[in-house]
2 protein chains.
Amino acid sequence: MIRPTSLSLLLASALVLASAPVLAPAASAATQQQTGDASPVLVTPAEWKAMAAQGGSAPMFAREQQRTTKQLDAMIKRGIDVPVPKDPGGGYTHEQHKRNYQAIEAAGTLYRLTGDKRYATYARDVLLQYARLYPTLGPHPAGRNEVPGRLFWQMLNDSVWVVHAIAGYDAIRDTLSPADRQNIDDNVFRAMARFMSDQSADNFNKIHNHATWAVAAVGMTGYVLRDPQLVSKALKGTREDGSAGFLKQIDQLFSPDGYYEEGPYYQRYALAPFILFADAIERNEPRRVIFQYRDGVLLKAVDTLVQSSYGGYFFPLNDAILDKGLDTEELVAGIDIAYAQTGDAKLLSIAQRQQRVLLSPEGLQVASALKAGKAKPFDFRPALLRDGGDGRQGAMSILRMNGEDGQALVMKNTTQGMGHGHFDKLNWLFYDNGQSVVTDYGAARFLNVEAKQGGTYLPENKSWAKQTVAHNTLVVNETSHFDSDWKVGETRPPTPLLFQVTGDMQITSARMEGAYDGVRFTRTMALLSHPELGEPVVIDLLRVNGNTPARYDLPLHFNGHIMQVGFKAEHAVAQRPVLGKDNGYQHLWVDATSQPAAAQRTLEWLLDGRFYTYRFDSSAPTRAILAESGANDPDFNLRREPVLIQRMDGQKDATFFGVLEPHGEYNGTAEYVRGANSHIDRIERVTGSDADVIVLTLAGGKTLALGVANDPSNAASEHHVSGNGYDYRWRGGWARFEEKSGTAQTPPPEARP
Amino acid sequence: MIRPTSLSLLLASALVLASAPVLAPAASAATQQQTGDASPVLVTPAEWKAMAAQGGSAPMFAREQQRTTKQLDAMIKRGIDVPVPKDPGGGYTHEQHKRNYQAIEAAGTLYRLTGDKRYATYARDVLLQYARLYPTLGPHPAGRNEVPGRLFWQMLNDSVWVVHAIAGYDAIRDTLSPADRQNIDDNVFRAMARFMSDQSADNFNKIHNHATWAVAAVGMTGYVLRDPQLVSKALKGTREDGSAGFLKQIDQLFSPDGYYEEGPYYQRYALAPFILFADAIERNEPRRVIFQYRDGVLLKAVDTLVQSSYGGYFFPLNDAILDKGLDTEELVAGIDIAYAQTGDAKLLSIAQRQQRVLLSPEGLQVASALKAGKAKPFDFRPALLRDGGDGRQGAMSILRMNGEDGQALVMKNTTQGMGHGHFDKLNWLFYDNGQSVVTDYGAARFLNVEAKQGGTYLPENKSWAKQTVAHNTLVVNETSHFDSDWKVGETRPPTPLLFQVTGDMQITSARMEGAYDGVRFTRTMALLSHPELGEPVVIDLLRVNGNTPARYDLPLHFNGHIMQVGFKAEHAVAQRPVLGKDNGYQHLWVDATSQPAAAQRTLEWLLDGRFYTYRFDSSAPTRAILAESGANDPDFNLRREPVLIQRMDGQKDATFFGVLEPHGEYNGTAEYVRGANSHIDRIERVTGSDADVIVLTLAGGKTLALGVANDPSNAASEHHVSGNGYDYRWRGGWARFEEKSGTAQTPPPEARP
């Protein structure tokens with residue numbers, strides 16, 4: 001069911017609103033405040049009635065209700081427990097306060113869905129205990145360098161508590177005696193809102209996801225308590241002047257393509273308060289047409305987040321926990337609310353995979369649509385996602401072939417991503433066959449595991465996971481980009497140069513200046529399919545221009561068991577040294593090191609029944625180093641993962657080029673192997689004055705070549721590259737050739753985002 | 001549909017047959033030979049007709065037929081290719097000859113199922129090419145130390161070729177001209193049968209799974225060619241005196257419980273020819289009632305093989321590839337044929353999981369029964385599986401709680417298992433939560449991967465995988481059991497002492513003498529559940545008695561990421577040494593080593609969302625060593641897996657004891673952790689003159705204790721153990737106590753296998 005307002009009208013009013021920043025409080029809330037009405041506002045009484053009547057007939061909604069009932073009944077049976085805050089993340093009081101907000105929300109919901117007064121009473125009694133406890137609390141005893149909360153060690157968790165608990169409270173508020181209502185209003189929610197906003201204005205007025213949770217908490221509290229000033233502060237910052245608050249956060253934290261600058265892991269986390277608060281705004285101040293705000297960027301953000309996943313898991317860029325994916329509850333909210341806004345049946349297939357819905361009108365819409373068989377496959381597609389509020393702070397390129405479990409190449413040309421960003425400009429990841437093949441370590445953290453430093457980011461997050469050498473991009477002189485200063489990184493985004501998609505070819509390119517003084521590097525990556533190759537291959541061309549001779553390292557973090565090392569090396573078999581001293585190098589155990597050579601090399605590995613051959617070469621001699629993470633890690637905080645590093649010493653300008661080829665099949669069950677040998681015999685680079693051509697010689701002798709201009713963004717330039725029996729001419733940033741010489745067979749088509 | 005012969009009649013005739021070893025050729029085959037009848041005998045014409053008529057209505061059978069049709073049509077389209085043999089396993093000619101036997105079998109089958117003459121013609125044409133090629137062949141050029149074949153590098157594969165191709169040939173033989181039939185009879189199947197039997201009598205007459213494939217090939221050829229002498233040789237060896245051949249193999253290779261001495265991986269492989277040939281015997285000489293032979297041991301072997309699995313994968317004992325499990329084609333044949341014999345609906349749930357059936361009358365029975373919804377859950381249960389033809393060569397103990405994905409403890413008290421056996425007496429494995437928690441490396445081999453030594457066993461199979469230190473059992477003076485001589489191992493099986501199952505307790509025990517000169521060790525392992533423990537825990541008590549002071553190492557190979565190292569150790573963080581020189585120790589990188597101490601220690605790890613705490617102590621000071629496989633492995637042949645080693649120096653007698661406790665939950669998706677702390681505070685051993693008591697103090701102070709007699713097999717002995725404030729009395733091999741003192745609350749019940 002799509003909201004029956006016409007889209008053009010909504011857009012029109014959005015424009016009006018955008019130019020009228022100071023709004024009067026919404027009439028409904030204002031009216032209610034005056035009359036003392038305590039009926040629900042986050043979900044309307046009519047909506048609750050409809051859900052109570054129809055929920056049972058939509059299986060996924062009914063299952064959700066059953067699950068919630070079971071959990072809540074168990075909580076109620078255990079008795080109320082509102083402990084004095086003490087523990088950090090993962091500890092007992094932390095987890096108990098989490099359980100309590102879930103229970104309050106569940107109790108309010110189930111009271112409305114079943115009419116069972118027992119649930120309302122339970123929610124009330126829990127909240128009355130909080131009304132007793134909360135006014136007695138000072139800063140949390142386990143608060144560390146994050147902004148401390150009162151119930152939790154960081155205020156962030158206090159905000160999350162309110163976002164959920166207020167929903168439960170809204171559902172039961174009209175069942176309370178005036179005294180209880182006043183008590184809870186004042187001593188829980190108004191006190192917490194005051195603490196989060198005016199008393200913590202620095203945090204509240206940040207443009208940061210922690211602040212989004214805070215503004216959502218305060219704003220939703222404002223609607224429920226009929227307090228327009230709380231809403232106004234939530235929307236426009238404590239000064240109520242629009243310099244901070246929800247609208248400013250939408251303006252600045254999302255790019256025009258709905259990319260959130262900290263990356264998918266935090267986008268997921270941030271999305272929930274954006275979406276939940278927007279939903280509250282939509283109900284209470286529909287005139288704001290918040291879902292159309294900034295060209296509908298909140299809805300784009302939901303789509304973008306799903307696009308930023310493979311095999312159900314988010315790309316683990318920046319500080320990211322690897323096991324987060326499409327089934328997280330934040331995205332359940334995102335999908336349900338986005339579907340209610342758009343009626344896009346492709347979102348339903350994600351809901352199907354989540355096997356969860358909100359116990360809300362939106363969740364019921366999704367469950368009913370699924371029951372009616374309306375789901376369509378989600379459209380995972382190549383995408384260029386611009387970064388930055390203005391869309392000019394770099395971009396993330398996603399190349400994709402062969403659908404959801406096919407090939408996905410992610411090139412991270414985004415800006416730093418604030419304090420959770422990694423020093424990984426022009427880094428890439430590759431997925432194939434449902435697996436992560438070229439990897440990103442993600443964050444060094446065991447979320448909520450007390451034994452691992454209370455579940456916070458581990459020291460190795462800084463010493464390894466953030467460092468450049470932990471990524472698949474250029475390291476100069478064994479130091480990290482921006483000398484590991486993220487604030488510098490924020491000011492120097494990469495420059496996207498190219499993003500184009502054709503039938504058998506997808507290509508993207510970007511340039512980075514300022515990651516290192518006096519060094520500029522340009523990287524072009526392409527996904528090419530060809531009838532004589534079993535699967536599409538990745539071509540990587542990295543050109544470096546430096547002022548002074550330097551050590552250039554290019555790591556490739558891969559996933560799988562090595563089958564063949566296609567080069568001679570000295571193996572550290574009986575005593576294993578560490579690769580370096582600092583900037584992540586101290587965490588690498590060396591397995592093997594080759595002598596410097598200017599020869600083509602290969603490395604083949606096996607992952608989940610498929611072989612991968614990486615074939616690589618460079619403009620000057622390199623050593624090839626095989627290493628593994630895990631050194632200098634006395635607490636066993638790191639996973640142990642292999643890496644190949646190409647190391648070139650003493651050059652100013654340098655080019656690294658390679659091709660990664662998925663091939664063949666190992667089937668242990670049926671005991672057969674096919675295609676274990678690479679279908680590519682050779683990779684060569686032919687270089688000209690203003691362009692390079694990477695030539696692959698396929699098994700059988702045919703060539704497949706990719707011409708790339710030194711400035712791939714110039715679509716009009718003419719190029720001629722010849723040598724070694726090759727001769728290529730083309731116009732534009734790139735061209736594909738399937739002969740040893742010739743002009744481009746097909747002019748590069750237009751970009752398709 | 002169960003075969004309509006009455007069971008008692010079958011058993012009666014089995015008895016008669018067993019006492020009449022020399023049989024006349026079966027009448028049907030003999031008659032056919034004289035009349036020149038060429039109609040099918042491995043599946044009868046009537047059965048083929050029934051399948052053609054009914055197959056379409058049983059979905060799994062129909063899908064199998066579709067899949068087969070698709071594959072075969074693609075083969076036919078590619079054209080016939082019968083190359084001159086050249087490559088080892090995994091190479092082109094190897095794989096092509098494999099594809100060819102699959103195609104011949106498929107073509108014969110589809111000809112019968114569809115009546116499409118095209119398939120018969122294709123099978124004929126392929127076989128005519130073999131008739132041209134085969135007589136020209138000498139020993140395979142890639143033959144190594146295994147018995148070389150002619151089509152394949154080892155004769156084993158030639159045998160497999162025949163077992164499948166003969167089935168296809170049988171189906172089309174009556175469509176051939178007499179000349180073609182004679183040509184293929186003589187130049188393919190009779191020539192191959194001669195090569196495998198009389199010309200390779202040493203191999204053929206072995207009591208070994210390779211020989212089972214050979215006798216099956218020759219015997220099935222005998223039925224199809226109407227040659228009773230081939231059948232006789234297959235059943236009774238080339239000398240036809242019963243000293244070798246199929247019946248002798250059944251007698252000796254399976255234990256009375258259907259355990260195959262090489263272990264589950266080879267049991268799976270060996271099972272196929274046993275079952276397929278038995279099926280052929282059943283059809284052609286039903287008077288042999290072969291499936292009742294030796295108390296129905298072939299059918300027991302199917303059940304035993306399924307019991308020897310967890311999470312769908314076989315226990316990787318001895319030389320085993322880890323990805324083999326219930327869905328292998330060998331077990332598809334086993335399940336289908338066993339179901340046809342027994343009508344046991346519990347086998348159907350395994351077939352359901354396999355999602356495959358044979359295109360045979362038995363496969364159709366299974367598919368029809370599944371369609372009719374007859375499947376019942378397979379009964380995974382605790383089991384004592386005796387080893388050896390006489391059942392006296394040790395045993396494998398399987399303890400299980402909480403069903404298929406619950407806890408399984410495997411204690412390997414079996415005999416050596418011939419050349420594929422590992423030096424791992426009294427080794428154990430533990431599964432929980434669907435995962436392998438305490439592991440066995442299996443084999444160092446990449447089956448069929450040419451780059452890995454042609455897919456054969458790697459050097460590291462001998463230098464690491466077989467060695468004692470690669471297992472979870474006692475190593476004396478850094479050498480392996482039997483000084484790594486498997487032939488000595490064959491003569492010295494462990495002695496099973498105990499196997500009992502009660503409601504909250506399962507226990508098993510065995511003793512090993514002769515693995516090391518002058519050393520005897522007795523190990524008792526138990527799985528205990530308790531209301532105050534989230535999951536059942538494993539108690540391990542290992543008593544060693546030696547003649548001279550020695551170094552005792554007790555490894556624990558675990559799977560997961562270390563959360564907490566509960567002891568002080570020196571960490572090798574910047575230079576990583578190797579643990580030892582030989583016997584597998586050269587493959588271990590050291591991560592950390594503690595000083596010797598006689599203190600209780602713990603190690604906690606996380607695996608797939610569950611925590612595991614191993615709490616251990618011993619009778620004398622030990623060092624605790626944390627290490628990882630992968631040293632001295634220049635070809636990256638080994639997986640890198642962690643191990644904890646308890647090392648005790650200078651003692652003659654020693655006791656090691658420990659408890660492994662699964663607990664809590666890490667949920668990365670929903671972001672919560674519960675029960676991350678062990679629920680056990682302490683483990684202690686109280687020792688008496690003839691028994692030990694292992695006392696666990698649970699969080700909260702209650703005790704849970706296990707008394708174990710030094711001779712756990714003596715059910716009548718009286719024991720009294722006291723000290724440290726504990727006082728325990730019981731009668732029998734073991735007792736469980738839930739107080740600090742007392743007599744056993746429940747007398748140990750009778751053993752239940």
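Everything here concerns the structure above.
Quick summary incoming for the structure in this document. (Residues numbered from 1 in each chain as written. Chains lettered and ligands numbered in written order. Predicted model: local features only at pLDDT ≥ 70, side-chain atom pairs only at ≥ 80, totals over all residues. Heavy atoms only, no water.)

Describing the side chain of A:D336
Residues and elements named next belong to chain A.
Here comes step 1: Mapped onto the fold, D336 is located in helix α15 (residues 329–342).
Here comes step 2: Within the buried core, D336 has no salt-bridge partner, and the shortest N-O distance to an opposite charge, that of R356, equals 8.6 Å.
Here comes step 3: With residues up to four places along the chain from it excluded, the contact list for D336 reads V357, L358, E362, G363 and V366. (Helix = DSSP H or I, 4+ residues; strand = E, 2+ residues; numbered from the N terminus. Buried < 20%, exposed > 50% of the residue type's maximum accessible area, 1.4 Å probe, protein only. Lys, Arg positive; Asp, Glu negative; His and termini not counted. Salt bridge = Lys/Arg side-chain N within 4 Å of Asp/Glu carboxyl O. Contact = heavy atoms within 4.5 Å.)

Notes on the sheet that holds strand β20 (residues 623–629) of chain B
All names here are of chain B.
Here comes step 1: Across the sheet, six strands lie side by side as β8-β13-β21-β20-β17-β15; this open sheet has antiparallel pairing. One side of each edge strand has no neighbouring strand; the edge strands of this open sheet are β8 (475–476) and β15 (570–571).
Here comes step 2: Examined bridge by bridge, strand β13 (residues 550–557) and strand β21 (residues 642–651) share eight bridges and lie antiparallel to one another. By the bridge assignment for β21, Y552 is matched with M648. (Pairing = 2+ DSSP bridges.)

Considering the relation of the copies chain B and chain A
Both copies of the chain are related by one operation, a rotation about an axis with a shift along it.
Here comes step 1: Rotating chain B by 180 degrees about the axis while translating it 0.1 Å along that axis superimposes it on chain A, leaving an RMSD of 0.1 Å. The transformation just described matches what one would write down for a two-fold rotation axis. Looking at the rotation axis and the C-alpha trace of chain B, the residue lying nearest is B:R576, at 2.4 Å.
Here comes step 2: When you check the interface residues of chain B against chain A, 98% turn up at the interface there too, and the contact is symmetric in its surfaces. (Least-squares fit on C-alpha atoms with pLDDT ≥ 70 in both.)

Here we look at the environment of A:K371
Residues and elements named next belong to chain A.
Here comes step 1: Considering the arrangement of structural elements, one finds K371 in helix α17 (residues 361–371).
Here comes step 2: Assessed through its relative accessible area of 54%, K371 is described here as exposed.
Here comes step 3: Taking the C-alpha atoms as reference points, K371 and A58, separated by 313 residues in sequence, lie 6.2 Å from one another.
Here comes step 4: If we skip the residues at most four places from it in the chain, K371 touches S57, A58 and P59.

Side note on the sheet that holds strand β7 (residues 435–438) of chain B
Residues and elements named next belong to chain B.
Here comes step 1: Spatially, β3-β4-β5-β6-β7 is the arrangement adopted by the five strands of the open sheet, whose pairing is antiparallel. The two strands at the open ends of the sheet, each matched to only one other strand, are β3 (383–386) and β7. In this sheet, neighbouring strand axes are inclined to one another by 20 degrees on average, regardless of whether the strands run parallel or antiparallel.
Here comes step 2: The sheet contact formed by β3 and strand β4 (residues 394–401) spans four bridges and is antiparallel. By the bridge assignment, R386 is partnered in β4 with A395. (Axes fitted to C-alpha atoms, helices over the stretch in contact; angles between N-to-C directions.)

Brief notes about helix α4 (residues 59–78) of chain A
Residue and element names in this part refer to chain A.
Here comes step 1: A rise of 1.5 Å per residue sets the reference length of α4, with its 20 residues, at 28 Å; its end C-alpha atoms lie 29 Å apart and thus fit the reference within 8%.
Here comes step 2: Within α4, the full set of buried residues consists of M60, F61, A62, E64, Q65, T68, L72 and M75.
Here comes step 3: Of the surrounding elements, those touching the buried residues of α4 are α3 (45–54), α5 (92–114), α6 (117–133), α16 (346–354) and α17.
Here comes step 4: Positive backbone phi, approximately 90 degrees, marks G79, located one or two places after α4. (Expected span 1.5 Å × (residues − 1).)

As for the side chain of A:T655
Residue and element names in this part refer to chain A.
Here comes step 1: As for its position among the elements, T655 is in strand β22 (residues 654–663).
Here comes step 2: Looking at T655, the relative accessible area reads 5%, which means it is buried.
Here comes step 3: Polar contacts involving the side chain of T655 include one to the side chain of R685, which spans 3.2 Å.
Here comes step 4: Not counting the four nearest positions on each side in its chain, T655 is found in contact with L541, L542, R543, D617, S618, S619, M648, R685 and D692. (Polar contact = N/O pair within 3.5 Å; in protein donor to acceptor, adjacent residues only side chain to side chain.)

Comments concerning unusual backbone geometry
Here comes step 1: At A:R226, a residue that is not glycine, the phi angle is positive and equals roughly 55 degrees.
Here comes step 2: On the basis of relative accessible area, A:R226 is assigned to the buried category, the value being 2%.
Here comes step 3: Of note in the backbone geometry, B:N433 takes a positive phi value of approximately 55 degrees without being a glycine.
Here comes step 4: Relative to the elements of secondary structure, B:N433 occurs in the loop between β6 (427–432) and β7.

Focus on the interface of chain B and chain A
One frequently used descriptor of interface size is the decrease in accessible area upon assembly of the parts.
Here comes step 1: Residue-level contacts link 51 residues of chain B with 50 residues of chain A.
Here comes step 2: Across the chain B-chain A interface, the total number found is eight salt bridges.
Here comes step 3: Ionic pairing is found between B:R268 and A:E671, a salt bridge with its closest N-O pair at 3.5 Å.
Here comes step 4: Where chain B meets chain A, there are 26 residue pairs in polar contact (both at pLDDT 80 or more).
Here comes step 5: Ranked by the residues each element gives to the side of chain B that touches chain A, the list is headed by strand β14 (residues 561–565) of chain B, at five residues.
Here comes step 6: Across the side of chain B that touches chain A, the residue classes tally to 26 nonpolar, ten polar and 15 charged. (Nonpolar A, V, L, I, M, F, W, Y, C, P; charged D, E, K, R; others polar.)

Any functional reading would require information beyond the geometric quantities listed.
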